[in-house]
Amino acid sequence: MTTETRRLPEHQDSTESSALDRWPGVYTEPRGRLRGIVAERLIRYAVRDLPVRLRLPDGTVLGTGGPEDPEMTVHRPESFYRRIGASGLIGFGESYQAGDWDSDDLARLLCVFAEQIESLVPASLQRLRRLHVVRRPRTENETAGEAKDNIAQHYDLSNEMFALFLDPTMTYSSALFEREPALDPEQLTTAPRHDLALPDMRDGAIGVQQLSVAQQRKIDRLLDLTGVGPGSRVLEIGSGWGELATRAAQRGAQVRTITLSERQLEYTAQRAEREDIADRLRVELCDYRDAAGEYDAVLSVEMIEAVGREHWPQYFSALANLLAPGGRVGLQAITMPHDRMNASARTQTWITKYIFPGGLIPSMTAIRENAARVRLQILDDLSFGAHYARTLGLWGERLVANAGRLGSLGFDETFRRTWRLYLAYSEAGFAAGYLDVHQLVLGEA
């Protein structure tokens, strides 16, 4: 059994005592010397042959990396080891939030780890993983009210905060660039970071302009393939900040978009008025389970990840029941391999604890099986994971460039580190091929 003691990370102003309440997992440092010793040995084993440099305060450098490889600087080794010993990958993330370690090349560093995720722990200890994982809270996503709370925890943080890193279209999903981004794992882990993202991330700069165009290309492709045009009846499940609904209405469609986020609803409604399309675009605070009507196109972009595995049957039933005869479903989904999905289904991760409570990324197998149960089949499938790595890299550049404005919005240093890690962690997952994203068109079987 371990006991816990509270401490403030050195990078945080000690007068900000309210941070103790906002970030209890970060400001609670586990005690447990034995677990820390075991974690230290596992980490030394894990990085011994990796092309990284893990630099310790005493001057020791672990790993086989050279000057061009990513470096990880550990400031407080004892805290770093104890956190990982107490809660594995959650502890690894919390140690970054707390300032126990840093990296100037965070995405590339994490990509190396993501590529080797299956071999970081010795084979003889793999079976012990189940004794170390943290189980998900049982009441995390059982009811519609809990689902709304989960959405609010993420999407209702602040429209102004999201605007700091999204492009002016305010699209929070993968863009589709004109050309396939050169972001294969080997290149990502060997090329200098500045070669992977356009450096000027101010509004109006070329990088932001290209991102906006790529987001609109993604949306237009989905609208084209689902036949959205003048007079089309369109339902969007998950409004975001209204770019898809706006573009559909501008085509002459009658659009109903539903969301559980009050801030997104307000933003999208104001946008419809500003764009003079309020007569064709209706936004409502509504759960997909409560939606009714018949639509020529039912669209849902990267919303399934927040639904929760136990509710996927209801979600696909809603897609099928809301679809008019001959209509099309446009579904964009982040995916992971089926075996990894099953392994993580009941496990709390750093992402579900701090970023997306209640969420689970599906596999393509899960999507096909759930669609088939309601007599929907996949008519078109575009896989473009490298484009998501590129998108996330640009978002990360913008967040870093605008980080100084977070404080004026009420967000502290721990929040900044949390979101920097989240974007880099996600970028690494797509660049390493651990994650993918699919744009799908479904129709009646």
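Quick caveat: nothing in here was measured; it's all calculated off a predicted structure. (Residues numbered from 1 in each chain as written. Predicted model: local features only at pLDDT ≥ 70, side-chain atom pairs only at ≥ 80, totals over all residues. Heavy atoms only, no water.)

Peer 1: Can you help me understand the nonpolar core in this one?
Peer 2: Generally speaking, a soluble globular protein has its nonpolar side chains buried in company with each other. Phe 165, Tyr 172, Tyr 315 and Trp 419 are the most contacted members of the largest nonpolar core, which totals 102 residues. Of the residues forming this core, the biggest block, nine residues, is contributed by helix H17 (residues 413-431). For Trp 419, the contacting residues outside a window of four places in its chain are His 154, Leu 157, Met 161, Phe 162, Phe 165, Tyr 172, Ile 355 and Leu 399. By size, the runner-up hydrophobic cluster in this structure holds 18 residues, among which are Leu 223, Ala 248, Ala 253 and Val 301. (Core = buried A, V, L, I, M, F, W, Y, C linked by side-chain atoms within 4.5 Å. Buried < 20%, exposed > 50% of the residue type's maximum accessible area, 1.4 Å probe, protein only. Helix = DSSP H or I, 4+ residues; strand = E, 2+ residues; numbered from the N terminus. Contact = heavy atoms within 4.5 Å.)

Peer 1: What is the right way to read the sheet that holds strand E9 (residues 254-259) from this model?
Peer 2: Within a beta sheet, neighbouring strands are joined by backbone hydrogen bonds and run either parallel or antiparallel to one another. Read from one edge to the other, the open sheet built from seven strands follows the order E10-E9-E8-E11-E12-E15-E14, with strand pairing classed as mixed. The open sheet has two edge strands, strand E10 (281-285) and strand E14 (376-383), and neither has a second partner. Here the average twist between neighbouring strands, direction ignored, is 20 degrees. The pairing of strand E12 (residues 323-335) with strand E15 (residues 436-444) spans seven bridges and is antiparallel. Looking at the pairing, Ile 334 lines up with Val 437 of E15. Helix H9 (residues 206-225) rests against strand E11 (295-301), E12, E14 and E15 of the sheet, and its axis sits at about 15 degrees to E15. The sheet contacts of helix H12 (residues 312-321) involve strand E8 (233-237), E11, E12, E14 and E15, and relative to E12 the element is tilted by about 145 degrees. (Pairing = 2+ DSSP bridges. Axes fitted to C-alpha atoms, helices over the stretch in contact; angles between N-to-C directions.)

Peer 1: I'm lost on the pattern of salt bridges in this one. Help?
Peer 2: Charged atoms that come close allow side chains of opposite charge to pair. Inspection of the entire model under this criterion finds 24 salt bridges. For the salt bridge of Glu 71 with Arg 53, the shortest nitrogen-to-oxygen distance reads 3.2 Å. With Glu 71 in strand E5 (residues 71-74) and Arg 53 in strand E3 (residues 53-55), the pair connects residues that are 18 residues apart, well separated along the chain. Its relative accessible area of 17% is what places Arg 53 among the buried residues. Among the ionic pairs, Arg 280 bridges to Asp 279, the shortest N-O distance being 3.7 Å. What you see here is one network of salt bridges that share partners, running through Asp 220, Asp 224, Glu 243, Arg 247, Arg 251 and Arg 271. (Salt bridge = Lys/Arg side-chain N within 4 Å of Asp/Glu carboxyl O.)

Peer 1: I'm lost on the environment of Leu 166 in this one. Help?
Peer 2: Residue position: Leu 166 is located in the loop between helix H7 (159-163) and helix H8 (185-188). For Leu 166, a relative accessible area of 0% puts it in the buried group. In the structure, Leu 166 is positioned 232 residues away from Arg 398 in sequence and 7.6 Å away in space, judged by C-alpha atoms. Excluding residues that lie within four positions of it along the chain, Leu 166 makes contacts with Thr 171, Tyr 172, Trp 241, Trp 395 and Arg 398.

Peer 1: Sorry if this is basic, but what is going on with the pairing of E10 here?
Peer 2: Moving residue by residue along a regular strand, the side chains alternate between the two faces of the sheet. When E9 meets E10, the two strands line up parallel, connected through five bridges. By the bridge assignment for E10, Thr 259 is matched with Leu 285. The handedness of the E9 to E10 crossover, carried by helix H11 (residues 262-274), is right-handed. (Right-handed = clockwise from strand over helix to strand, strands pointing away.)

Peer 1: When you look at unusual backbone geometry in this model, what are you seeing that I'm missing?
Peer 2: A negative phi angle characterises most non-glycine residues, just as the trans form characterises most peptide bonds. Phi is positive for Glu 302, close to 50 degrees, though the residue is something other than glycine. Turning to its location among the elements, Glu 302 is positioned in the loop between E11 and H12. For Glu 302, a relative accessible area of 11% translates into the label buried. If you check the backbone angles, Arg 375 has positive phi at about 60 degrees while not being a glycine. When you line up the elements, Arg 375 lands in the loop between helix H15 (364-373) and E14. For Arg 375, a relative accessible area of 58% puts it in the exposed group.

Peer 1: Looking at this structure, how should I read the side chain of His 154?
Peer 2: Note that His 154 resides in helix H6 (residues 144-155). Its relative accessible area of 1% is what places His 154 among the buried residues. A distance of 2.9 Å separates a polar atom in the side chain of His 154 from the backbone oxygen of Ile 355. Those residues in contact with His 154, other than ones at most four positions away along the chain, are Phe 162, Tyr 172, Ile 355, Phe 356, Trp 419 and Tyr 422. (Polar contact = N/O pair within 3.5 Å; in protein donor to acceptor, adjacent residues only side chain to side chain.)

Function cannot be inferred from these measures alone, as they are strictly geometric.
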